[in-house]
Each structure stands twice: as structure tokens, then as C-alpha cells.
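Below are the chains, spelled out letter by letter.
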Amino acid sequence: MKIFYAIQATGNGHISRAMQLYPYLQKFGAFDFFLSGNNATLDIKLPIKYRSKGCSLHYSKCGGLNYWDIVKNIRPRQIYKDADSLPLKEYDIIINDFDSITSLGCKMQKLHSVQFGHQASFISQHTPRPTKKSIMGEMILKHYAPSPKNIGLHFEKYDSFILPPIIKEEIIESQPINLKHITVYLPSFDKDCLEKAFKSIPDIQFHWFLNTVEQQHTIGNITYFPVNQKKFNKSLISCEGIITGGGFETPSEALYLGKKVLSIPVRNHYEQECNAAALKKLGVPVVYEAGPDFNAIIENWINLDLKYPKIEANNIPETLEYLFDTYRD
């Protein structure tokens, strides 16, 4: 088969998932990948044949979305042009991981696809939501990249078409240890938003992964890392806990390893607020502001005796068989 796989690149999670799937996907045929968006920082080891700037997220300085930058960088005419120019009719199967251009292209070219990924899980009303739902957020989850068929991924099986998260093989095959450091990955925060809080707790060692860091270096109790998957995996496997956003892949891997998690969802990012609601149900502490007392919050969190349910890892071969059967049906 000839297969088209669209990846949303508003962050690293979608790309990381596709890279983990790729060795298994190759057994089903020849793959061409389409990358939409420009927020990703990972070294992408995939045969990317098509690219588009698409719609990308932009963050404010300290943990929120910058809606002005998001809107001013959207090019509707270019989006329609990119959607129309995708040669989707050349492919036997179209897999879409929450990309609006591919969804629009399928509509324009009268083709169907299967939406596969975390966002597909929100088609179900059983998937956790925050206490106060966002009408706009619900519309985006439903209409941003619609598909006639959906296979979702989430922390738990909230509905019949929702499967466990894709966990990297390096994580599954590891032996977790506790070297007492705290891993930090918060891409929506600039360095100077959090550095004072971390420095004010000198007894705690932090491994902080930042997009703005080029070379690993240590100052005081903080080791600064560039965003690098192998180094991040190593830090996560050996940490006491992780401070991260309200994403999906990183909390999934941390919970699979049995690590402590402190989640700070991006402000006004509805999907992350939904993920935070799901994490709360699992017993994960969630904070919505990294304010002046953030150092005290960290210390209290470290001292908590937290026990989470074991997160199940996805059986990738079975999932892919299910995916292709779903598409054919």
C-alpha cells in the first residue's frame, strides 16, 4: 500500500509518536509523511515528503498562549492552496494526526481519512473535561481536523475506540531508578519565569530542558539541557519526578515509569485543561500558575507520598492492525 501520514507539528509529541510507530508502519507499505506547523524542535527522523507552515501555536512569556501571534501567522489562502495541492488521491490510506490541512484536503478532494492520535479521543464525551467547559475549545477539538473515523489515545480507556498511549521502546525497556533530580520540561515558559524559584531550593537538583539552550551546562543546582530526546529519556528514567505541562506523551511516559508528576497546563489551552482534568482523576497534582510561591509548591509536591495507577503501554502491532481495519471498513 501507499500511505499518507499527516503530523501536526505544533509541538514535539505528535512527531515523537510517529517516530516510534514508523518501524512498525513500514510493514504495511510505503509511507510519505506530511508535516504541518513549525513549533517542533526534535530532530525528525522520518521521510518527510511534504511540509506546510499550517497553523502553529505561539506562547506568551510565562505559561500562556499568545493569541495575537497565533492569529497573525495564519494564512487562510495558503492553507487552502496547500490543502488543494496535496496529491491525496495517489494514496491508498490517509492517516491524520490532528492536521487541519489534510482534513480540508480530504474534503476538497472527496476522500476519507482516519484520525489517529490523542486529539481523536475527545470525540467521546466520556473523555475527561474541566469543570468549566469551553465552547470554543470544544469546537476546535471537534472541527479542527474532522474525520469520518477516529482512533484515540489517552491515559485510560474512556470509550471503545480509545487505546493506551504510545510509549517509546527506550522507556518500556528501561529499569527506572531514582537519582533524586527533578526533570523539567515546560516549553511555554521562558527561562527567567522559573529560574528564581528553582535557584531558591538549592537542595534540589533540576534537569531543565529548554529550547533556547544549545549546550548542556550546570549552574548551581540547575543543569540546563537542549531539547534532545535521548538526554531527556535518560533524565526521565532516572529522576524522582517531572514538572511538565498538560500535554499527553510526557505525562504518559512518566506515569508508565511510576514517576511523580506535577502538571502546569498552558493557560487558556483547552486540550491541556482537559488533560489536566484526566491527570487529576489519576491523583496527579495540577497547578495553574507558577507564581511567587512556586518554590514552596515544588517542595510540598516532592514530600508527598503519591501513588498513581499503572499506565498501560500501547500494543503497537495490534493497534496498527485495528487502524488499517478501521480505515478499510
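Novice: An account of the sheet that holds strand β11 (residues 222-226) is needed here, citing residue identities and associated values.
Specialist: The 6 strands are arranged β10-β11-β9-β8-β12-β13 in an open sheet whose pairing can be described as mixed. Strands with a single pairing partner mark the edges of an open sheet, and in this sheet they are β10 (217-219) and β13 (260-263). Averaged over all pairs of adjacent strands, the angle between their axes in this sheet comes to 20 degrees, without regard to strand direction. In this sheet, β13 lies alongside strand β12 (residues 241-244) in parallel orientation, the contact comprising 4 bridges. Within β13, the residue paired with Gly241 across the bridge is Lys260. Of the strands in this sheet, β8 (182-185), β9 (206-210), β12 and β13 touch helix α11 (residues 294-303), which is tilted by about 155 degrees from β13.

Novice: How would you sum up the layout of surface pockets? Please name residues and give values.
Specialist: One number sums up the size of the second largest pocket: a volume of about 390 Å³. As for the second largest pocket, its lining consists of 16 residues, of which Met19, Lys45, Glu170, Gln229 and Lys230 are closest to the centre. Examining the composition of the lining of the second largest pocket, we find that 5 residues originate from one element, helix α1 (residues 13-25), more than from any other. Here the lining of the second largest pocket is built from residues that sort into 5 nonpolar, 5 polar and 6 charged.

Novice: I'd like a description of the pattern of salt bridges, backed by residues and values.
Specialist: Summed over all chains, the structure comprises 10 salt bridges. Across the pair Glu195 and Lys191 runs a salt bridge, and its minimum N-O distance is 3.8 Å. Taken together, the residues span about one helical turn, with Glu195 and Lys191 both in helix α7 (residues 191-199) at a distance of 4 residues. Accessibility expressed as a relative area gives 16% for Glu195, which makes it buried. Because the salt bridges share partners, they merge into one network encompassing Arg17, Asp97 and Glu249.

Novice: Would you mind going over the state of the cysteines in detail, with residue names and values included?
Specialist: On inspection of all chains with the given rule, the structure shows 1 disulfide. Residue Cys62 pairs covalently with Cys193 via a disulfide, S to S 1.8 Å. Its torsion about the S-S bond being -75 degrees, the disulfide of Cys62 and Cys193 is classed as left-handed. Here the residue Cys62 occupies a position in the loop between β3 (48-52) and α2 (67-72), and Cys193 occupies one in helix α7, the gap between them amounting to 131 residues.

Novice: Provide a residue-level description of the pairing of strand β1 (residues 2-8), including the pertinent values.
Specialist: By the criterion of burial, β1 is predominantly enclosed, with 6 of the 7 residues buried. Two strands pair when backbone bridges link them, and β1 and strand β2 (residues 30-36) are joined in this way by 7 bridges, in the parallel orientation. Residue pairing in the sheet places Ile7 in a bridge with Leu35 of β2. Once the chain exits β1 it traverses α1 before rejoining the sheet at β2, and the crossover so formed is right-handed. Sheet topology note: the β1/strand β4 (residues 93-97) ladder contains 5 bridges and is parallel. Across the sheet, the residue bridging to Ile3 is Ile93, located in β4.

Criteria and cut-off values
Residues numbered from 1 in each chain as written. Predicted model: local features only at pLDDT ≥ 70, side-chain atom pairs only at ≥ 80, totals over all residues. Heavy atoms only, no water. Pairing = 2+ DSSP bridges. Helix = DSSP H or I, 4+ residues; strand = E, 2+ residues; numbered from the N terminus. Axes fitted to C-alpha atoms, helices over the stretch in contact; angles between N-to-C directions. Contact = heavy atoms within 4.5 Å. 1 Å grid on protein atoms, 1.4 Å probe; cavity = no way out; pocket = protein on both sides within 12 Å on 5 of 7 lines; lining within 4 Å. Points joined across faces, edges and corners; volume = space filled by probe spheres on them. Nonpolar A, V, L, I, M, F, W, Y, C, P; charged D, E, K, R; others polar. Salt bridge = Lys/Arg side-chain N within 4 Å of Asp/Glu carboxyl O. Buried < 20%, exposed > 50% of the residue type's maximum accessible area, 1.4 Å probe, protein only. Disulfide = S-S within 2.5 Å. Right-handed = clockwise from strand over helix to strand, strands pointing away.

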